[in-house]
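Below, each chain spelled out in residue letters.
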Amino acid sequence: MNQTLTEKIAVIGGGSWATALVKILCEQPHIQVRWWLRSAEDIAHIRTYHHNPSYLSDVYLSPKKVKVCDKIKEAIKGAQYVVLAIPAAFIEEPLRELSPELLKGKRIVSAIKGMVPHKNKLVTDWIEETYGIPLDDMCVIAGPCHAEEVALEKQSYLTIASTNLACSEDFSKLMTCRYVTANPLTDLYGVEYAAVMKNIVALACGITHGIGYGDNFQAVMVANAMQEIRRFVTAVDPRERDLSSSAYLGDLLVTAYSQFSRNRLFGNMIGRGYSVKAAQLEMKMIAEGYYAAKSIFTMNEKYQVSMPITEAVYRILYEGAAPAFVMEQLKKHLK
Ligand SMILES: NC(=O)c1ccc[n+]([C@@H]2O[C@H](COP(=O)([O-])OP(=O)(O)OC[C@H]3O[C@@H](n4cnc5c(N)ncnc54)[C@H](OP(=O)(O)O)[C@@H]3O)[C@@H](O)[C@H]2O)c1
Ligand SMILES: O=P(O)(O)OC[C@H](O)CO
């Protein structure tokens, strides 16, 4: 049956999460996805074979639904939503081609769980400051959801957070399909900071497992981490929020425990004695927690919240402190 594709959505980024989001969006009969990737080889391959050769290569990408674009300007043209799915550390370069005029009137959706390094800014704050998009025209995709499980169509839940309930409700509808349920929420900052911080915790879990600590220790660390997240998020953006819900606690748990977690894997390599450089080279994918540890540690110089787990990860990754020694010190802070 021929469907009329009445809504264009741009997806920016070519990694695993971008590929999974393209797949989810393609489930909507009326949507055409305009997909920008930086790799010319991947673009050529997708055009010919309808699969991303580099990430989630089993996912079929229908040429009727997905238009792959070499130019970011081409991808956003006519799109009502622009979905950003590049690790925060690399977001500035590709968006440099865009201007406030080109993005005016569009809704920006951040699928990024990271902060723009050097600026120590949430992606939504950085977009508002750089492109003048009001926060009410933005939302973030959060919740415990690994791209690999989306590829396998395993039942998953997402949270779409925005300061503007209508914006989060509208986008939740587009992200809901047979195997994904997306729920709206209005706690934009809380969700965004919690998503950034859970990556640091997963790194810490990986480090301790790499050293030889067991599940008993990890459970205590994750419980303490939830309190650390609560202290920091409350200091930065005080308001009522249920941190035990899936956008916060659920996301922390999946990242801390899943076989698919990039951040946990990265931490595990560090715990087993890899240098940061060697671990980054070995892992094809990006562990946002590496950058987040620095951003949150630096932000906390202002807030002075007690954050022993973040500090431990920062000292290991950025000051070269020995993981076993740092974790020995951390033990004294956990209950
Ligand atoms: N994966 C998930 O399950 C998942 C779930 C929820 C949220 N997220 C979030 O989604 C965002 C994207 O993560 P991902 O998992 O899709 O990452 P990924 O699979 O590790 O892919 C990395 C992406 O970053 C690009 N990249 C790497 N180095 C770059 C550089 N120096 N300059 C510019 N681009 C570079 C890669 O492009 P090339 O392929 O061309 O190298 C690729 O598109 C992150 O913020 C992550 O936290 C991921
Ligand atoms: O678990 P990670 O470190 O791969 O991060 C991916 C997502 O944030 C999980 O929701």
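Residues numbered from 1 in each chain as written. Chains lettered and ligands numbered in written order. Predicted model: local features only at pLDDT ≥ 70, side-chain atom pairs only at ≥ 80, totals over all residues. Heavy atoms only, no water.

Taken together, Lys113, Gly143, Pro144, Cys145, His146, Lys198, Asp251, Thr255, Phe260, Ser261, Arg262 and Asn263 make up the full set of residues near ligand 2. Within the backbone of Cys145, a nitrogen or oxygen atom sits 3.3 Å from an oxygen atom of ligand 2. Here an oxygen atom of ligand 2 sits 2.6 Å away from a polar atom, N or O, in the side chain of His146. Taken together, the elements giving at least two residues each to the shell around ligand 2 come down to helix 11 (246-257) and helix 12 (262-271). (Near = heavy atom within 4 Å. Polar contact = N/O pair within 3.5 Å; in protein donor to acceptor, adjacent residues only side chain to side chain. Helix = DSSP H or I, 4+ residues; strand = E, 2+ residues; numbered from the N terminus.)

Turning our eyes to something else, we now look at the packing of helix 6 (residues 123-131) against helix 9 (residues 188-211). Packing of helix 6 against helix 9 brings their axes to within 10 Å, and their N-to-C directions diverge by 120°. Of the possible angle classes, the one that applies to helix 6 and helix 9 is oblique. Across the interface between the two elements, Val123, Thr124 and Asp125 of helix 6 pack against Leu188, Tyr189 and Glu192 of helix 9. Residue composition of the contact of helix 6 with helix 9, grouped by class: three nonpolar, one polar and two charged. (Axes fitted to C-alpha atoms, helices over the stretch in contact; angles between N-to-C directions. Parallel < 35°, antiparallel > 145°, perpendicular 65-115°, else oblique. Contact = heavy atoms within 4.5 Å. Nonpolar A, V, L, I, M, F, W, Y, C, P; charged D, E, K, R; others polar.)

This next bit is on helix 10 (residues 215-236). Spanning 22 residues, helix 10 covers 31 Å between terminal C-alpha atoms, matching the ideal 32 Å at 1.5 Å per step. Residues of helix 10 that are buried make contact with helix 9, helix 11, helix 12, helix 14 (288-303), helix 15 (308-318) and helix 16 (323-331). (Expected span 1.5 Å × (residues − 1).)

Following the UniProt record, the feature "binding site: NAD(+)" (unreviewed entry) maps to Phe90, Ala147 and Arg262 here. Its location among the elements puts Phe90 in the loop between strand 4 (81-84) and helix 4 (92-95). Judged by relative accessible area, which is 37%, Phe90 ranks as partly exposed. Not counting the four nearest positions on each side in its chain, Phe90 is found in contact with Ile286 and Tyr291. Assignment of secondary structure puts Arg262 in helix 12. (UniProt positions renumbered as here; feature names shortened; annotations may be inferred. Buried < 20%, exposed > 50% of the residue type's maximum accessible area, 1.4 Å probe, protein only.)

Before going further, it helps to examine the packing of helix 9 against helix 10. Where helix 9 meets helix 10, the axes come as close as 10 Å, and the angle between the chain directions of the two elements is 155°. The angle between the axes of helix 9 and helix 10 places the two elements in the roughly antiparallel class. For helix 9 against helix 10, the interelement crossing comes out right-handed. Taken together, the residues of helix 10 that come into contact with helix 9 (itself represented by Gly190, Tyr193, Ala194, Met197, Lys198, Val201, Ala204, Cys205, Thr208 and His209) are Asp215, Phe217, Gln218, Met221, Val222, Ala225, Glu228, Ile229, Phe232, Val233 and Val236. Its residues placed into classes, the contact of helix 9 with helix 10 shows 14 nonpolar, four polar and three charged. (Left-handed = near helix turned anticlockwise from the far one by under 90°.)

In terms of nonpolar packing, the biggest core is built from 82 residues, with Ile12, Leu84, Leu95, Ile127 and Phe266 touching the most fellow members. Broken down by element, the residue count for this core peaks at 12 residues, all from helix 9. With near-sequence residues (within four places) excluded, Leu95 lies in contact with Ile12, Ile72, Leu84, Trp126, Ile127 and Tyr131. Counting residues in hydrophobic clusters, the runner-up holds 41 residues, among them Trp17, Ile46, Cys139 and Leu158. (Core = buried A, V, L, I, M, F, W, Y, C linked by side-chain atoms within 4.5 Å.)

What follows covers the pattern of salt bridges. A full pass over the atoms with the stated rule returns 15 salt bridges. When the shortest N-O distance is used, the salt bridge between Asp187 and Arg239 registers 3.8 Å. Here Arg239 lies in the loop between helix 10 and helix 11 and Asp187 lies in the loop between strand 10 (180-185) and helix 9, a separation of 52 residues in the sequence. Looking at Arg239, the relative accessible area reads 41%, which means it is partly exposed. (Salt bridge = Lys/Arg side-chain N within 4 Å of Asp/Glu carboxyl O.)

The positions UniProt marks with the feature "domain: Glycerol-3-phosphate dehydrogenase NAD-dependent N-terminal" (unreviewed entry) are residues 8-166. Summarising residues 8-166: 31% helix, 24% strand, and an end-to-end C-alpha distance of 19 Å.

Before going further, it helps to spend a moment on the sheet that holds strand 3 (residues 66-69). Across the sheet, eight strands lie side by side as 3-2-1-4-5-8-9-10; this open sheet has mixed pairing. Edge positions in the sheet fall to strand 3 and strand 10, since each has one partner strand and no second. On average, each strand axis in the sheet is inclined to that of its neighbour by 25°, with strand direction left out of account. Relative to strand 2 (residues 31-36), strand 1 (residues 7-12) runs parallel, the two sharing six bridges. Counted as the bridge partner of Ile12 is Trp36 from strand 2. Relative to the sheet, helix 6 contacts strand 4, strand 5 (107-110) and strand 8 (138-142), its axis offset from that of strand 8 by approximately 160°. (Pairing = 2+ DSSP bridges.)

According to the stated counting rule, one finds 12 aromatic pairs in the structure shown. Ring centres of Trp126 and Tyr131 lie 5.9 Å apart, and the angle between their planes is 85°; on these two criteria the pair is classed as edge-to-face. This pair shows no difference in class: Trp126 is buried, exactly as Tyr131 is. Here Tyr290 and Tyr291 contribute two aromatic rings whose centre-to-centre distance is 5.0 Å and whose plane-to-plane angle is 80°, an arrangement assigned as edge-to-face. When sorted by exposure, Tyr290 lands in the same class as Tyr291, which is buried. By the ring-pair criterion, three or more aromatic residues cluster together here, those being Phe90, Phe266, Tyr290, Tyr291, Phe297, Tyr314 and Tyr318. (Phe/Tyr/Trp six-rings, centres within 6.5 Å; stacked < 30°, edge-to-face > 60°.)

Further remarks concern the site of ligand 1. Contacts to ligand 1 come from 20 residues, most closely from Ser16, Ala147, Arg262, Ile286 and Glu288. The separation between an oxygen atom of ligand 1 and a polar main-chain atom of Ile286 is 2.8 Å. At a separation of 2.6 Å, an oxygen atom of ligand 1 approaches a polar side-chain atom of Glu288. The residue makeup of the shell around ligand 1, split by class, is 11 nonpolar, five polar and four charged.

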